[in-house]
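A look at the structure
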Amino acid sequence: MIARILAGLLLYGCLYPSAQARDYRYSDAHLHYLDFFQETEGMPALLKAMDAAGVEQSMISGIPVAKKWHEDEPKRPRYYAGDDADAYWYSATDLYVAAALEKLLPAQRRRFHPFLTGFNPVDKNAVSHIERMLELYPGLWQGIGEVFTRHDDLTALTSGDTPRANNEAMTRIYHLAAERDLPVLLHSNITSKRERNPLYLAEIEEPLRNHPHTRFIWAHAGSSLEIHRHQTQMDFLLPVLTRLLEDYPNLYVDLSWSVLEPYLLDAEGVPRQAWLQLVERFPERFMLGSDLVGRFGSLGEQLHGFKPFLDALPEAVAHKVARDNFLAVLPKAAKQDK
């Protein structure tokens, strides 16, 4: 994939030599400080990676579940899909993130925008946990998420009921998010691995319609690598996303890695015109995310992979997507601190 992106970058540099002079500074709208075992390389490694990649600001969150190492498994899994053992909701992830941020110097801390994620999205008590965390760390949290709802095989592996973006527990959280001016980063796959239609569209559209004062960031635009493995490309994604952006001004889109290919770039790494036109039509509604999970060495590779697409946009729009749009969706109080 990276080779194709580099080839596309070279081709686009030949076609549009003026784009080669662009110097992007990035905001990472989607980064997990911890992995599925609640482990991390740590803040020094993250800050080093951010500096090397030109990432000025970053969303930061934990992972809301922990993967079990079951006694029947002879080897510790390396990822949640490594074996058939369960994952379970894990609230301490927020405490780990808060503790890591508290150790930073003030100038370093201002580069991060922590989101609360350590709650069970099918538990109507979850909103109480969020309220307690907001009171325990006043002024720290700037958003909610990434909330795991429909999430490939992780949904089946996680103990308890199937999480949906439109269940009653999440409804309570959306009301709180609007009251506290907090954006919600939501992972909600638009379909299953094998259904070639927007099977789960209602689960994301109902909250958008019913909570117009809540700002939603749709992780990966509803796509995932696991869906791509089975379907290659969802032909319905672009028209559905276009309609949602037209109908719901509270919808923002996280263009993290599973959107880059096969949607933003074609097989040769060249930007697709239809997606360029969509971003130009809604220039303030798209943002970039690395979606790294506890390891940060590939941060530059992930974000710089978008350069062919950014270079094909008008320069002002490209800078909004690369940096400004994520900062604009944060709470008013957080933006005043910048």
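First, a word on what this report is: a plain description of the structure on this page. (Residues numbered from 1 in each chain as written. Predicted model: local features only at pLDDT ≥ 70, side-chain atom pairs only at ≥ 80, totals over all residues. Heavy atoms only, no water.)

Some thoughts on the overall build of the protein
Defined as follows: Comment: elements are numbered from the N terminus, with helices defined as DSSP H or I runs of at least four residues and strands as E runs of at least two. Two things to know: the radius of gyration comes from C-alpha atoms, and the globule rule equals 2.2 Å times the number of residues to the power 0.38. Think of it in three bands: with a 1.4 Å probe and only protein chains considered, a residue is buried below 20% of the maximum accessible area for its type, exposed above 50%, and partly exposed in between. What makes two residues a contact is simply this: any of their non-hydrogen atoms within 4.5 Å.
If you tally the helices and strands in the protein, you get 16 helices and 12 strands. Since a compact globule built from 338 residues should have a radius of gyration of about 20 Å, the 19 Å found for the protein is in line with a globular shape. With respect to the three principal axes, the spread of C-alpha positions in the protein is 55 × 50 × 45 Å. Here the protein, with 338 residues, has 58% of them falling under the buried criterion. Contacts in the protein between residues at least 24 apart in sequence constitute 80% of all its contacts with a sequence separation of at least 6.

Some words on the nonpolar core
The condition is simple: For this analysis, a nonpolar core means a set of buried residues of the types Ala, Val, Leu, Ile, Met, Phe, Trp, Tyr and Cys, connected via side-chain atoms within 4.5 Å.
Formed by 84 residues in total, the largest nonpolar core has its most connected members in Leu241, Phe286 and Leu310. With six residues, the single largest contributor to this core is helix 2 (residues 43-53). When near neighbours in sequence (up to four residues on either side) are disregarded, phenylalanine 286 contacts Leu241, Leu245, Val253, Leu255, Leu278, Val279, Lys320, Val321 and Asn325. Grouped together as the second largest cluster of nonpolar side chains are 13 residues, Ala29, Met59, Phe115 and Leu327 included.

Regarding the side chain of glutamate 226
Counting through the fold element by element, glutamate 226 comes out in helix 9 (residues 225-231). The exposure class assigned to glutamate 226 is buried, which follows from its relative accessible area of 15%. Ignoring any residue separated from it by four or fewer positions in sequence, one finds glutamate 226 in contact with Asp152, Asp153 and Lys193.

These figures capture arrangement, not role.
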